[in-house]
Amino acid sequence: VQLQASGGGLVQAGGSLRLSCAASGRSVANYAMAWFRQAPGKEREFVAGINWTGGNRYYADSVKGRFTISRDNAKNTVTLQMNSLKPEETAVYYCALNSRPYESGRQRIAFGSWGQGTLVTVSS
């Protein structure tokens, strides 16, 4: 499976962006998906995840109430709506696919397929 992330860009603090991730090669309907981010000089960190049905969404504490993850299994896509962005959230954002069907998680090791990343820059 290939994951293609898009939607990054430059936004002012307090602004919004919507990231999209399109999967190709096979259906990902039975797999949890997630977004991670990696800021310069820092480790990649979990941002948001969604289970295979879309009925369970989970977030890093730092983004709760501001970010929303969703998926469309018919279109093989997952999106991340980001509101009230902060300069410290400048990072490359990656979408990821869980390696095992029907399982959810937020540890990097659980995700075997990754998109190429899309850069989000939040200016102060």
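Details of the structure are given in the entry above.
Heads up: these notes are all about the structure in this document. Predicted model only: the values in this text are computed from it and were never measured.

Cut-off values and rules
- Residues numbered from 1 in each chain as written.
- Predicted model: local features only at pLDDT ≥ 70, side-chain atom pairs only at ≥ 80, totals over all residues.
- Heavy atoms only, no water.
- Core = buried A, V, L, I, M, F, W, Y, C linked by side-chain atoms within 4.5 Å.
- Buried < 20%, exposed > 50% of the residue type's maximum accessible area, 1.4 Å probe, protein only.
- Helix = DSSP H or I, 4+ residues; strand = E, 2+ residues; numbered from the N terminus.
- Contact = heavy atoms within 4.5 Å.
- Polar contact = N/O pair within 3.5 Å; in protein donor to acceptor, adjacent residues only side chain to side chain.
- Disulfide = S-S within 2.5 Å.
- Pairing = 2+ DSSP bridges.
- Axes fitted to C-alpha atoms, helices over the stretch in contact; angles between N-to-C directions.

1. Details of the nonpolar core
Next up, step 1: Of all hydrophobic cores here, the largest spans 37 residues; its most connected members are Trp-35, Leu-80, Met-82 and Tyr-93.
Next up, step 2: Considering each element in turn, this core owes the most residues, five residues, to strand S9 (residues 91–98).
Next up, step 3: With residues up to four places along the chain from it excluded, the contact list for Leu-80 reads Leu-17, Arg-18, Leu-19, Trp-35, Val-47, Ala-48, Phe-67, Thr-68, Ile-69 and Tyr-93.

2. What about unusual backbone geometry?
Next up, step 1: Notably, Ser-84 is not glycine yet its phi reads approximately 50°, a positive angle.
Next up, step 2: Within the secondary structure layout, Ser-84 lies in the loop between strand S8 (77–82) and S9.
Next up, step 3: Among the residues examined, Ser-84 registers a relative accessible area of 38% and is labelled partly exposed.
Next up, step 4: A positive phi is found at Tyr-102, a non-glycine position, where the angle reads about 70°.
Next up, step 5: Locating Tyr-102 in the fold gives a position in the loop between S9 and strand S10 (111–114).

3. A short note on the side chain of Thr-79
Next up, step 1: Mapped onto the elements, Thr-79 comes out in strand S8.
Next up, step 2: Taking the relative accessible area as the measure of exposure, Thr-79 reaches 11% and is therefore buried.
Next up, step 3: Side chain to side chain, Thr-79 and Ser-70 meet in a polar contact 2.6 Å long.
Next up, step 4: Dropping the residues within four chain positions of it, Thr-79 is found in contact with Arg-18, Leu-19, Ser-20, Trp-35, Thr-68, Ile-69 and Ser-70.

4. Let's talk about the state of the cysteines
Next up, step 1: As enumerated under the stated definition, the model contains one disulfide in all.
Next up, step 2: Sulfur-sulfur distance for the disulfide between Cys-21 and Cys-95 comes to 2.1 Å. Looking down the S-S bond of the Cys-21 and Cys-95 bridge, the torsion is 60°, so its handedness is right-handed. Of this pair, Cys-21 sits in strand S3 (residues 17–24) while Cys-95 sits in strand S9, and the two are 74 residues apart along the sequence.
Next up, step 3: Using a relative accessible area of 1% as the deciding quantity, one classes Cys-21 as buried.
Next up, step 4: A residue is classified by how much of its surface remains accessible, and Cys-95, at 0% relative accessible area, is buried.

5. Re the environment of Thr-68
Next up, step 1: Locating Thr-68 in the fold gives a position in strand S7 (residues 67–72).
Next up, step 2: Among the residues examined, Thr-68 registers a relative accessible area of 36% and is labelled partly exposed.
Next up, step 3: For the pair formed by Thr-68 and Val-1, sequence separation is 67 residues and the distance between their alpha carbons is 24 Å.
Next up, step 4: Beyond its immediate stretch of four places on either side in the chain, Thr-68 contacts Arg-57, Tyr-59, Thr-79, Leu-80 and Gln-81.

6. Considerations on the sheet that holds S8
Next up, step 1: Spatially, S1-S3-S8-S7 is the arrangement adopted by the four strands of the open sheet, whose pairing is antiparallel. Strands with a single pairing partner mark the edges of an open sheet, and in this sheet they are strand S1 (2–6) and S7. With direction set aside, neighbouring strand axes in the sheet form an average angle of 15°.
Next up, step 2: Note: S1 against S3, five bridges, orientation antiparallel. Paired with Ser-6 across the bridge in S3 is Ser-20.

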